[in-house]
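# Close look at the chain arrangement
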Amino acid sequence: MKSSTKILLLGAGLAAIYMATRDLRKKQPTIFYVPNIPFGFNGICLPPFGIYIRMDQQGNDALVAHEMIHWQQYQRMGLVPYYYDYMKDYFIHGYDLHPMEQQARENETDYCRTNYTECVRDGRSNTAFNPKFRKP
Ligand SMILES: [Zn+2]
């Protein structure tokens, strides 16, 4: 196969992925209630599948609001940039100072916005209280 044909096929493939995920992005997420999430997380946003909330957090609107902001980030950014930027910023800033996480902490005080792990563990967070948060 000629290299120009390969490039054309790659472009068509990427365009198809873009179109498919563009349609998915318009949808509201399904919220799944699950028994457990790794590392003591209370909720997690995994586009394009949906939002996962630990069962004992059912009815926690502040937590759903936090995950919904992540869903909106995905809708704005697109599927691949959402995960790529999240991982990139995670390696640069870590979890507590992660810009996408700080944006999702709209219900938190200024202190807890930048010291989220500590606040969730000791009960100062307005989103969730969980002494095992981010512990393996
Ligand atoms: Zn988050």
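In what follows, the structure referred to is the one given above.
Here the structure is a predicted model, which is why all the values come from computation and not from measurement. (Residues numbered from 1 in each chain as written. Predicted model: local features only at pLDDT ≥ 70, side-chain atom pairs only at ≥ 80, totals over all residues.)

### Side note on the sheet that holds strand 3 (residues 50-54)
Pairing is mixed across the open sheet formed by three strands, whose spatial order is 1-3-2. The open sheet has two free edges, formed respectively by strand 1 (31-34) and strand 2 (43-46), since each of these has just one partner strand. Adjacent strand axes in the sheet meet at a mean angle of 20°, parallel and antiparallel pairs treated alike. Bridge analysis of strand 1 against strand 3 gives four bridges, and the strand direction is parallel. Each bridged residue has a counterpart across the sheet, and for Phe32 the counterpart in strand 3 is Tyr52. Here helix 2 (residues 61-77) sits on the sheet and contacts strand 1, strand 2 and strand 3; the angle it forms with strand 2, its principal contact strand, is near 20°. (Pairing = 2+ DSSP bridges. Helix = DSSP H or I, 4+ residues; strand = E, 2+ residues; numbered from the N terminus. Axes fitted to C-alpha atoms, helices over the stretch in contact; angles between N-to-C directions. Contact = placed C-beta atoms within 7 Å.)

### Thoughts on the environment of His98
With respect to the element layout, His98 can be found in the loop between helix 3 (79-93) and helix 4 (99-104). Along the backbone, His98 and Arg113 are 15 residues apart, and their C-alpha atoms lie at a distance of 9.9 Å. With residues near it in sequence (within four places) discarded, His98 still touches Asp89, Tyr90 and His93.

In short, shape yes, function no, at least from these values alone.
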